[in-house]
Amino acid sequence: MQDLEKIRLLLTGAFSYTQEQLDKLENSGFGITFIQDERVETDIDCSQFEAVVCNGLFLYNDIEKFKSLKMIQVTSAGLDRLPLDFIKEKGITLKNARGVYSIPMAEWCISRILDIYKCSSFFEENQRNKVWQKNRGLRELNGKKAVIFGAGDVGSRTAERLKAFGVKITAADIAEPQSDIYDKYCNMEDINIALSESDIIIITLPLTDDTRGFFDEKKLGLLKADSILVNMSRGGIIDEKALVSALKNKALGYAVLDVFEEEPLEADSPLWNTPRLLITPHNSFVSEKNNERMFDVIYKNLNEYFCDTSKSVS
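Please read these numbers as outputs of a predicted model, since none were measured by experiment.

Reading the values: the criteria
- Along each chain, residues carry numbers from 1 onward, in the same order as the chain's sequence is written.
- Note on the predicted model: pLDDT of at least 70 is required for a residue's local features to be given, and 80 or more for side-chain atom pairs to be given and counted; whole-chain, interface and lining totals, by contrast, use all residues.
- Remark: hydrogens and water are excluded; side-chain values derive from all non-hydrogen atoms of the structure.
- Numbering goes from the N terminus for both helices and strands, where a helix is a DSSP run of H or I of at least four residues and a strand is a run of E of at least two.
- Between the two quantities, the radius of gyration covers C-alpha atoms and the globule rule is 2.2 Å times the number of residues to the power 0.38.
- Relative accessibility under 20% of the residue-type maximum defines a buried residue, over 50% an exposed one, and the middle range a partly exposed one, all with a 1.4 Å probe and only protein chains included.
- By the convention used here, residues are in contact when the closest approach between their heavy atoms is within 4.5 Å.
- The Shrake-Rupley method, run with a 1.4 Å probe sphere, supplies the accessible areas, and residue values consider only the shown protein chains as cover.
- Strand pairing follows a simple DSSP-based rule, namely that at least 2 bridges must link the two strands.
- In this description, a line fitted to the C-alpha atoms serves as the axis of each element, helices being fitted only across the stretch in contact, and the angle between N-to-C directions of two axes falls anywhere from 0 to 180 degrees.
- Put simply, a patch holds well-exposed residues, over 30% relative accessible area, that have no salt bridge, with like charges counted together within 9 Å and Val, Leu, Ile, Met, Phe, Trp or Tyr side chains within 5 Å.
- By definition here, a salt bridge exists when the distance from a side-chain nitrogen of Lys or Arg to a carboxyl oxygen of Asp or Glu is within 4 Å.
- Neither His nor the chain ends contribute to the count of charged residues, in which Lys and Arg are positive and Asp and Glu negative.
- In this description, the location of a charge corresponds to atom NZ of lysine, CZ of arginine, CG of aspartate or CD of glutamate.
- Stacked, tilted and edge-to-face are the three classes applied to pairs of Phe, Tyr and Trp rings, where Trp contributes its six-membered ring and a pair requires centres within 6.5 Å; stacked means planes under 30 degrees apart, edge-to-face means over 60, and tilted covers the rest.
- As a reminder, the over-ring test applies to NZ of lysine and CZ of arginine, requiring each to be within 6 Å of the ring centre and within 35 degrees of the ring normal.
- Throughout, the term roughly parallel applies to angles under 35 degrees, roughly antiparallel to angles over 145, roughly perpendicular to angles from 65 to 115, and oblique to all others.
- For this scheme, ten residues count as nonpolar: Ala, Val, Leu, Ile, Met, Phe, Trp, Tyr, Cys and Pro. Four count as charged, namely Asp, Glu, Lys and Arg, and the remainder, Gly too, count as polar.
- For a crossover, the right-handed case is the one in which the path from the first strand over the helix to the second runs clockwise, viewed with the strands pointing away from the viewer.

Below, the discussion takes up the overall build of the chain. Per the secondary structure count, the chain includes 10 helices and 12 strands. Rg of the C-alpha trace for the chain: 22 Å, near the compact-globule value of 20 Å for 314 residues, within the 12% margin. Its C-alpha atoms put the chain at 65 × 45 × 35 Å along the principal axes. The buried share of the chain, taken over its 314 residues, is 46%. When contacts within the chain are restricted to residue pairs at least 6 apart in sequence, long-range pairs at least 24 apart make up 55% of them. As displayed, the chain has an accessible area near 16,600 Å², and 47% of this comes from carbon and sulfur atoms.

Overall, parallel pairing links the 5 strands, which are arranged β2-β1-β3-β4-β5 in an open sheet. Each having just a single partner strand, β2 (30-35) and β5 (93-95) make up the two edges of the open sheet. Here the average twist between neighbouring strands, direction ignored, is 15 degrees. Taken together, the 4 bridges between strand β3 (residues 51-54) and strand β4 (residues 71-74) define a ladder with parallel strand orientation. Residue pairing for β4: C54 is matched across the bridge by V74. Here helix α1 (residues 19-27) sits on the sheet in contact with β1 (7-12) and β2, set at roughly 140 degrees to β2. Contacts between helix α10 (residues 290-307) and the sheet are confined to β1, β2, β3, β4 and β5, with β4 contributing the most and set at about 170 degrees to the helix.

The next subject is a negative patch on the surface. Where like charges cluster on the molecular surface, the negative patch consists of E217, D239, E261, E262, E263, E266 and D268. Note that E262 resides in the loop between β11 (254-257) and β12 (277-279).

Looking at the secondary structure, you find F306 in helix α10. F306 gets classed as buried once you look at its relative accessible area, which sits at 1%. As for F306 and S16, which are separated by 290 residues in sequence, their C-alpha atoms are 23 Å apart.

Under the definition given, this model contains 10 aromatic pairs. On the basis of an interplanar angle of 90 degrees and a centroid distance of 4.7 Å, the ring pair of Y305 and F306 is categorised as edge-to-face. Of the two residues examined, Y305 and F306, each falls in the buried class. Three or more aromatic residues joined by ring pairs form one cluster here, namely F30, Y305 and F306. Over the ring of Y299 we find K24; its NZ or CZ atom is 4.4 Å from the centre of that ring.

In this section: the sheet that holds strand β9 (residues 200-203). If you trace the 7 strands from one edge of the open sheet to the other, you get β8-β7-β6-β9-β10-β11-β12, paired in parallel fashion. Whereas interior strands pair on both sides, the edge strands pair on one side only; in this sheet they are β8 (184-187) and β12. When strand polarity is set aside, the average angle formed by the axes of neighbouring strands in this sheet is 15 degrees. Relative to β12, β11 runs parallel, the two sharing 3 bridges. Its bridge partner being in β12, L257 is matched across the sheet by I279. Where helix α4 (residues 102-117) meets the sheet, its contacts fall on β9, β10 (228-231), β11 and β12, and the angle it forms with β10 comes to roughly 155 degrees. This element, helix α6 (residues 153-164), spans β6 (145-149), β7 (168-173) and β9 of the sheet and lies at about 170 degrees to β6.

Contact geometry of α1 with α10 gives a least axis separation of 11 Å together with a crossing angle of 10 degrees. The orientation of α1 with respect to α10, classified from their angle, is roughly parallel. Packed against α1, whose contacting residues are Q21, K24 and L25, the element α10 presents N291, F295, Y299 and L302 at the interface. Split by residue class, the contact of α1 with α10 holds 4 nonpolar, 2 polar and 1 charged.

Glancing now at the pairing of β4. Side chains M71 and Q73 of β4 all project onto a buried face; the interleaved residues I72 and V74 project onto the opposite face, where all are buried too. Bridging between β4 and β5 involves 3 bridges; their strand directions are parallel. Paired with M71 across the strands is T93, a residue of β5. Note that the unit made of β4, helix α3 (residues 84-89) and β5 has a crossover that is right-handed.

In structure tokens, the structure reads:
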């Protein structure tokens, strides 16, 4: 590793480091500066830093002030909070949290689908009211069809778990995934049949200019009347007004949202009271194992980059 004692590293409160983890970084030769709140403009000299670990830092701080920056590690899977054109232009290496949150997100997705199929809320309400009543409307996953938009790590982990229930899975992405977990593939320009045939539609796409508002009134209108739409990527991918209308008009069975166009969701948002819409507060990624996985990614990527500075933006 090249002169690690001279590598200046900025860490932010986007990740909660233990003292042991900080010591491990310092013992590897990184000189650490820590700022707790990355959501304000910092008054420290940013030109000194060669590496940054952050999340939304560059929403509030001008990246052009980071004149020595060689590498950015973000603590999210998505890259929509970053000035990607500038990063590419300057040849700054960019790493995300690939694989860190995939398992809890996949488990959350399955749990929400099962809540609907097994009528969990019905039985919970009856238990509170001490009512003994059977429900004959329970459904099973076996034999159902799902389409997963975004066959990356989150999508593939979700597909693995659905496969265990006997679900037939189509991958929808810009490129065909190299995985036998999927039964079919369709590209993003030829998805209408998959939408109209699927019982479950799962969104794990990144938010880009091409995917913003992708699920509009027209695409929502293709869904089966008893289908479930799950979004655990970014809220801007769905036209929320069109979704509210579709649910009220019973154009689809249920929607499950963990992400929203504006977060936190305002108290007067019509989403709160929309029928058959399940809401969680961007919580699907949470797990007691995330800290360990995230630090492993941070440590590995920092060390690998500064061992080989010939690497480019990835």
